[in-house]
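Survey of secondary and tertiary structure
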Amino acid sequence: MSSPTYSPGLEGVIAGETAICSVEGGLSYRGYAVGDLVEHSSFDETAYLLLHGELPTAPQLAAFQTRLAAARRLPPPLNDLLAALPSSTTPLDALRTSVSALAHFDEDANDQSHVANVRKAERLLAQIPVVIANHYWLSRGGTPHPARQDLPHAANFLFMLRGVDPTPAEVKALEVSLILYAEHEFNASTFAARVIASTLSDLHAAVTGAIGALKGPLHGGANEKVVDILTAAGSTAEAAEKWVRDALARKERIMGFGHRVYKTGDVRAGILKEYARKAAEAAGSIGLEEVAEVIEKVMAAEKNMHPNLDWPAGRLYHAMKLEIPLYTPIFAMSRITGWAAHVIEQLDNNRLIRPRALYKGPDRRAVQPIGERK
Ligand code: CMC
């Protein structure tokens, strides 16, 4: 047997096989380039593709949307819990708790078959936006807006959050961001979900763990930091340039830049940039876009580092006047499709994921009885 190799952070390690997504030659889901999906499909169609393996026909999409609409409700005790959580609870933490709690009410909770997992995945896809919107209102002492049965995933979420119909341009921009966020191979949260699933645990447990992994600012939490960065950078090109150069000199990480896999740029960021800019124009906040351009130029020149998807996503959600702590939950409202697809794929051909560690501790030694220890 050859000696084991070690790659810090598992960089470059092939840790499994998948038919869901490829990052080779540009990101694709089940063989479709994400740019093509953005052009020619909706988020609901892409969600169906990830969960069911093929793009839906019109009747398949209609039936899928009917199932999602019917599942847009929470068990009343969960609404009581959302209202009772401390006011300091972040929306993402409330979502993590809620996904765990939803398992107790799911009729398929103990059925880990492929078909039951697809049913549970569809229900979670439908319930997650309801959790986010209901927590938003209940944590303020307000009354949630009932889900709309006639709207697709993204439009219903905006309606539940605001109580008014969103504009077509807002819905399109949010859908594009959700398509781009939906799936990304063995990213940290998806890998966490697959590890949990590989023990023959359940889908809700895997998604709960995935949300925990998504929270960190090196992963999904980065989109919430983007607006902080743009605000801190100042309102003029000169101030922004100085701010980013100083931050780099202090060895700070600029959230929304860099990627473990994409070293020459993230195709998703290029696609969403146009929507962020249009939304900023519509909102009269184009100044932030100009500051963003300056930061991009300095990051490319000084660090050869390029924006990832979180960079335009944070700006888009800000231009849409969504509150910052909602940004990572919105990521989860889309990535649930990728997480669930991976859990199902893992279980269809399961082997426990259990790697090895390179031991760096003390040499073998004898236990001293407690009275003899110094
Ligand atoms: N700003 C400044 N320096 C950076 C950045 C950044 N955004 N990213 C990496 N570096 C530096 C890092 O400080 C290190 O420098 P040194 O060698 O001097 O210590 C070097 O680059 C290598 O860093 P690393 O963490 O080993 O590189 P990685 O390829 O493992 O990092 C990353 C990938 C995404 C964790 C990192 O680029 C990062 O922290 N980016 C900011 C957070 C972020 O935007 N995350 C979202 C990722 S993509 C979408 C998603 O998952 O949500």
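Preceding this paragraph is the structure being described.
In this report, we go over the structure that sits alongside the text. All residue numbers here refer to positions counted from 1 along the written sequence of the relevant chain. Owing to the predicted nature of the model, reporting of local features is limited to residues with pLDDT of at least 70; listing and counting of side-chain atom pairs is limited to 80 or more, with chain, interface and lining totals taken over all residues. Calculated side-chain values reflect all of the structure's heavy atoms, with hydrogen atoms and water omitted.

Quick look at the overall build of the protein chain now. When helices and strands are counted, the protein chain shows 16 helices and three strands. Taking 2.2 N^0.38 as the reference for a compact globule, 374 residues should give roughly 21 Å; the C-alpha atoms of the protein chain span a radius of gyration of 22 Å, in line with that estimate. When its C-alpha atoms are laid out on the principal axes, the protein chain stretches across 70 × 55 × 45 Å. Expressed as a percentage of the 374 residues in the protein chain, the buried residues total 50%. Every helix listed is a DSSP run of H or I at least four residues long, and every strand listed is a run of E at least two residues long, numbered separately from the N terminus. For this measure, only C-alpha atoms enter the radius of gyration; the expected value for a globule follows 2.2 Å times N^0.38, where N is the number of residues. The cut-offs for exposure are 20% and 50% of the maximum accessible area for each residue type, with area from a 1.4 Å probe on protein chains only; residues under the lower value are buried, those over the upper are exposed, and the others partly exposed.

Another aspect to go through is the pattern of salt bridges. In the sections that follow, a salt bridge refers to a side-chain nitrogen of Lys or Arg positioned within 4 Å of a carboxyl oxygen of Asp or Glu. Scanning the entire structure with this criterion turns up 22 salt bridges. Among the salt bridges present, the one from Arg119 reaches Asp108, with a minimum N-O distance of 2.8 Å. Of this pair, Arg119 sits in helix 6 (residues 114-138) while Asp108 sits in the loop between helix 5 (91-103) and helix 6; the two residues are eleven residues apart in sequence, bridging distant segments of the chain. Its salt-bridge partner being Asp108, residue Arg123 comes within 2.6 Å of it at the nearest N-O pair. Residue Arg123 is found in helix 6, and its partner Asp108 is found in the loop between helix 5 and helix 6; the two are separated by 15 residues along the sequence. Both residues of the pair, Arg123 and Asp108, belong to the buried class. The network of salt bridges with common partners includes Lys273, Arg277, Glu289, Glu293, Glu296 and Arg315.

All right, on to the site of the ligand then. Around the ligand lies a shell of 21 residues, among which His219, Arg253, Gly256, Lys263 and Asp310 are the nearest. Within the backbone of Ile254, a nitrogen or oxygen atom sits 2.8 Å from a nitrogen atom of the ligand. In this structure, Phe257 approaches the ligand through a main-chain N or O atom, which is 2.8 Å from a nitrogen atom. For the ligand, the accessible surface in isolation is 930 Å², of which the surrounding protein chains cover 71%. Here a residue counts as near a molecule or strand whenever at least one of its heavy atoms sits within 4 Å of it. Under the rule applied, a polar contact is a pair of N or O atoms within 3.5 Å (in protein, one hydrogen donor and one hydrogen acceptor; residues adjacent in sequence only if both atoms are side-chain atoms). Using the Shrake-Rupley algorithm and a 1.4 Å probe, accessible areas are obtained, with residue cover drawn only from the displayed protein chains.

This paragraph deals with the packing of helix 10 (residues 203-214) against helix 16 (residues 327-348). All axes are obtained by fitting lines to C-alpha atoms, using only the stretch in contact for helices, and the reported angles, taken between N-to-C directions, cover 0 to 180 degrees. Running from amino to carboxyl end, helix 10 crosses helix 16 at an angle of 135°, the nearest separation of the two axes being 10 Å. As the angle between them shows, helix 10 and helix 16 are arranged oblique. Remark: the crossing between helix 10 and helix 16 carries right-handed chirality. Here Leu203, Ala206, Val207, Ala210, Ile211 and Leu214 of helix 10 lie close against helix 16, whose contacting residues are Thr328, Phe331, Ala332, Ile336, Trp339, Ala340 and Val343. Here the contact of helix 10 with helix 16 is built from residues that sort into twelve nonpolar, one polar and no charged. If an angle is under 35 degrees, it is roughly parallel; if it is over 145, roughly antiparallel; if it lies from 65 to 115, roughly perpendicular; otherwise it is oblique. By the definition used in this description, the sense in which the near helix is turned from the far one sets the handedness, with an anticlockwise turn below a right angle giving left-handed and a clockwise turn giving right-handed. Residues are treated as being in contact if the distance between any of their heavy atoms lies within 4.5 Å. Classification used: nonpolar for Ala, Val, Leu, Ile, Met, Phe, Trp, Tyr, Cys and Pro, charged for Asp, Glu, Lys and Arg, polar for all others including Gly.

Even without a glycine there, the phi angle at Leu200 is positive, about 70°. One non-glycine residue with positive phi stands out, namely Lys251, at about 65°. Relative to the helices and strands, Lys251 is located in the loop between helix 12 (237-249) and helix 13 (267-283). Note on Lys251: relative accessible area 75%, which makes it exposed.

Another point: the side chain of Ser177. Within the secondary structure, Ser177 sits in helix 8 (residues 168-181). Non-local contacts of Ser177, meaning those with residues more than four positions away in its chain, are made with Leu272, Leu316 and Tyr317.

This part takes up the sheet that holds strand 3 (residues 32-33). With respect to topology, three strands assemble into an open sheet ordered 1-2-3, the strand pairing being antiparallel. In the strand order of this sheet, the two ends are held by strand 1 (21-22) and strand 3, each with one partner. For two strands to be treated as a pair, DSSP must find at least two bridges joining them. Note that strand 2 (residues 28-29) and strand 3 share two bridges and pair antiparallel. Its bridge partner being in strand 3, Ser28 is matched across the sheet by Ala33.

Looking at where Val23 falls in the secondary structure, it is placed in the loop between strand 1 and strand 2. The contacts of Val23, once residues within four sequence positions are left out, are His184, Glu185, Val261 and Tyr262.

By volume, the largest pocket amounts to about 1500 Å³. Listed by contribution, the elements that provide at least two residues to the lining of the largest pocket are strand 1, helix 9 (188-198), helix 14 (286-303) and helix 16. Of the residues in the lining of the largest pocket, the class split is 22 nonpolar, twelve polar and 13 charged. Each pocket or cavity is described by its volume, and for the second largest pocket that value is around 880 Å³. A pocket here means an open set of points on a 1 Å grid, computed over the protein atoms alone, that has protein on both sides within 12 Å along at least five of seven lines. A cavity is instead a set of points where a 1.4 Å probe fits but cannot get out; residues with an atom within 4 Å of a point line either one. Lining the second largest pocket we find 27 residues, and of these Ile14, Ala15, Ile353, Arg354 and Pro355 sit closest to its centre. Those elements that place two or more of their residues in the lining of the second largest pocket are helix 9 and helix 16. Grid points are joined across faces, edges and corners, and a volume is the space filled by probe spheres set on the points.

The next point concerns the environment of Leu78. If you trace the backbone, Leu78 turns up in helix 4 (residues 76-84). Judged by relative accessible area, Leu78 falls into the buried class, the value being 1%. Between the C-alpha atoms of Leu78 and His135, which are 57 residues apart in sequence, the distance is 9.9 Å. Leave out the neighbours within four places in its chain, and Leu78 touches Ser98, Ala101, Leu102 and Val131.

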